[in-house]
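If you want the building blocks of each chain, they are given just below.
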Amino acid sequence: MRRWDLPHTHRSAIGQVRWNRLGDPGAPPVVLLHGTPFSSYVWRGVARALARRHRVYVWDMPGYGASEMFEGQDVSLAAEAGVFVELLGEWGLTDPVVIAHDSGGAIALGAHLVNGARYRKLALVDAVSLPPWGSDFSALVGEHADVFARLPPAAHEALLREYVASASSVGLHPATLEALVAPWTGHGGLAAFYRQLAARRGDRSYTDAMQDRYTTIDIPVTVCWGEDDTWVPVERGRALAALIPGAPLHVIPDAGHLVPEDQPAELTGVLLGFLHDLA
């Protein structure tokens, strides 16, 4: 598997962020947001393809991937949206295109609707946006995170692999699965994994508070969804696209929740079509 490096750092209000920029520094900017419990690694193929024509920013949210994790860290959607706004300022981006997956969708929506961040366009991919969201597993673990956090490491890792693998409908390459679970292993990773799932329980009020504002979004938006998504079913995508003025829904066949892993070429094609008029 090709390496995925995030060589740059930003000290945010809730921990150090690792990030990278790909492509021509003078090209139109595109920012990619990952979701829970993933990292920017899920975007590696799409990011490299988009970087042929665009300046692509990728980052691991605090509490995820290669970014800082620590006890008591605030990894709520509201806190992560605040960090995203910080980064846009750090990067000098005033109206980038934003492409967001899973809970990254809620963060992108919140940064725009609540924090006032401006985007040129927004693409939402299997986005956390309308209730109910999250898998049955995440709901169970979030409710009893203190109990699951006491699992022996071997039991935790077995459960973790099953959970992450369930986000794909076609199956993950073993090396990909290992890369996705690696940040959540070891003592610090184990605690961080259950910490972020516990945070998601309180985050439902965050998306609930935004729902009535989806109809006010006045930038171009496209919605992409895996046809076989069992975490956030495609019916949620249809409902979201119906709320956002002018937003089409692209249903990706043979893809689960992890569309960037299951069907990266088809997703990239949709995104390139969405970005075709950028100068």
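Residues numbered from 1 in each chain as written. Predicted model: local features only at pLDDT ≥ 70, side-chain atom pairs only at ≥ 80, totals over all residues. Heavy atoms only, no water.

Enquirer: Report on the sheet that holds strand S8 (residues 249-252), specifying residues and quantitative values.
Expert: Read from one edge of the open sheet, eight strands run S1-S2-S4-S3-S5-S6-S7-S8, paired in mixed fashion. Whereas interior strands pair on both sides, the edge strands pair on one side only; in this sheet they are strand S1 (8-12) and S8. Taking each pair of neighbouring strands and ignoring which way they run, the sheet shows an average axis angle of 20°. One ladder, built from four bridges, connects strand S6 (residues 121-125) with strand S7 (residues 221-226); its direction is parallel. Of the residues in S7, the one forming a bridge with Leu 122 is Val 221. (Pairing = 2+ DSSP bridges. Helix = DSSP H or I, 4+ residues; strand = E, 2+ residues; numbered from the N terminus. Axes fitted to C-alpha atoms, helices over the stretch in contact; angles between N-to-C directions.)

Enquirer: Which residues make up the pattern of salt bridges, and what values go with them?
Expert: Throughout the structure, instances matching the rule amount to eight salt bridges. In this structure, Arg 200 and Asp 203 form a salt bridge, with 2.7 Å as the shortest nitrogen-oxygen distance. Take Arg 200 and Asp 203: they sit in the same class, and that class is buried. Put simply, Glu 157, Arg 161 and Glu 178 are held in one network by salt bridges that share partners. (Salt bridge = Lys/Arg side-chain N within 4 Å of Asp/Glu carboxyl O. Buried < 20%, exposed > 50% of the residue type's maximum accessible area, 1.4 Å probe, protein only.)

Enquirer: Describe in detail the nonpolar core, supporting the description with residues and values.
Expert: Residues Leu 33, Trp 59, Phe 84, Ile 99 and Tyr 119 are the most contacted members of the largest nonpolar core, which totals 96 residues. With eight residues, helix H2 (residues 77-91) is the single largest residue contributor to this core. For Leu 33, the contacting residues outside a window of four places in its chain are Trp 43, Trp 59, Met 61, Phe 84, Val 98, Ile 99, Ala 100, His 101, Gly 104, Ile 107 and Ala 108. (Core = buried A, V, L, I, M, F, W, Y, C linked by side-chain atoms within 4.5 Å. Contact = heavy atoms within 4.5 Å.)

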